[in-house]
Amino acid sequence: MEVRRTYLEMTSPGELRGARSSEPALGLEQVEACPASFYRYLYSEVGRAYAWVDRLPWTDDDIRRHLADPAVSLWLLSARGAPAGYFELKSAPDASVEIAYFGLLPEFIGRGLGKHLLTEAVEHAWALGPRRVWLHTCSLDDRAALPNYLSRGFKPFREETYLVSKPV
């Protein structure tokens, strides 16, 4: 199966076209000292439908080591106290910040929370002072992902295709 990966970026905070959800009782907080089991839960549940498999074999030590990296931050979106989604930011030596992972738990898709969470992710990324903020998506992701990125102001800068051995 052929998969198309699209890399997108913003080179100025002014490019963000933010959007907020009107859903009540949303919260966003940075997760510090995240238990490996909770990280694994977020990663596997958010990514289940989109073939997120790279980090599934990580051990608890791998996860703890990753989250202990000062360049990495994990942010949790909650709705009425329940986990609704998350994003992970990663600062790089080239003065960029990658929105490395981003997504909603399945029960929260289709409620306008994706635009809200992406706005938050971009604002928190720019607060770190980078020269650019970037991310990538692929044709395995939710069909609303790329339109959301484009609507928030991201611009494509590279595209590639690759093969996966089995359909997901």
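Rules of the game
Residues numbered from 1 in each chain as written. Predicted model: local features only at pLDDT ≥ 70, side-chain atom pairs only at ≥ 80, totals over all residues. Heavy atoms only, no water. Helix = DSSP H or I, 4+ residues; strand = E, 2+ residues; numbered from the N terminus. Rg over C-alpha atoms; globule rule 2.2 N^0.38 Å. Buried < 20%, exposed > 50% of the residue type's maximum accessible area, 1.4 Å probe, protein only. Contact = heavy atoms within 4.5 Å. Areas by Shrake-Rupley, 256 points an atom, 1.4 Å probe, with all protein chains shown as cover. Lys, Arg positive; Asp, Glu negative; His and termini not counted. Charge placed at Lys NZ, Arg CZ, Asp CG, Glu CD. 1 Å grid on protein atoms, 1.4 Å probe; cavity = no way out; pocket = protein on both sides within 12 Å on 5 of 7 lines; lining within 4 Å. Points joined across faces, edges and corners; volume = space filled by probe spheres on them. Nonpolar A, V, L, I, M, F, W, Y, C, P; charged D, E, K, R; others polar. Pairing = 2+ DSSP bridges. Right-handed = clockwise from strand over helix to strand, strands pointing away. Core = buried A, V, L, I, M, F, W, Y, C linked by side-chain atoms within 4.5 Å.

S.K.: I tried to follow the overall build of the protein on my own but got confused; where do I start?
M.R.: Helix and strand counts for the protein stand at four helices and seven strands. Scanning the protein from its N terminus toward the C terminus, one meets helices and strands in the order β-β-α-α-β-β-β-α-β-α-β. For 168 residues, the compact-globule estimate of 2.2 N^0.38 gives 15 Å, and the C-alpha radius of gyration of the protein, at 15 Å, lies within 12% of that figure. Taken over 168 residues, the protein has a buried fraction of 45%. Partitioning the contacts of the protein with sequence separation of at least 6, the portion at a separation of at least 24 is 72%. For the protein, the computed accessible surface area is about 8900 Å², with 52% contributed by carbon and sulfur atoms. If the 20 positive side-chain charges of the protein are averaged to one point and the 22 negative ones to another, these points end up 3 Å apart.

S.K.: Help me out: how do you make sense of empty space enclosed by the protein in this one?
M.R.: Summary: where empty space remains is shown by rolling a probe the size of a single water molecule over the atoms. Scanning the model with the defined rule gives one cavity of 30 Å³ or more in all. Every residue lining the largest cavity is listed: Tyr 39, Arg 40, Tyr 43, Arg 55, Leu 56 and Ile 63. Broken down by element, the lining of the largest cavity gets its largest block of residues, three residues, from helix α1 (residues 36-47). Tallied by class, residues from the lining of the largest cavity come to four nonpolar, no polar and two charged.

S.K.: Please clarify how the environment of Ala 92 should be interpreted in this entry.
M.R.: Of note, Ala 92 is situated in the loop between β4 (82-91) and β5 (96-104). When the C-alpha atoms of Ala 92 and Arg 131 are compared, they prove to be 11 Å apart, with 39 residues separating the residues in sequence.

S.K.: Looking at this structure, I do not really get the pairing of β5. What am I missing?
M.R.: Extensive coverage of β5 is indicated by the burial of nine of its nine residues. In this structure, β4 lies alongside β5, joined through seven bridges in antiparallel fashion. By the bridge assignment for β5, Tyr 86 is matched with Gly 103. From the end of β4 to the start of β5, which pair antiparallel, there are four residues, and Ala 95 there has a positive phi angle of about 65°. Between the parallel elements β5 and strand β6 (residues 132-138), the chain passes through helix α3 (residues 113-126) in a crossover that is right-handed.

S.K.: Any chance you could explain the nonpolar core here in plain terms?
M.R.: Where a protein is soluble and globular, its nonpolar side chains tend to be buried together. Residues Tyr 86, Ile 99, Leu 118, Val 122, Tyr 149 and Phe 154 are the most contacted members of the largest nonpolar core, which totals 42 residues. Among the elements of the structure, β1 (2-10), α1, β3 (72-79), β4, β5, α3, β6 and α4 (145-151) are those that each provide at least two residues to this core. A total of seven residues in this core trace back to one element, the largest contributor, which is α3.

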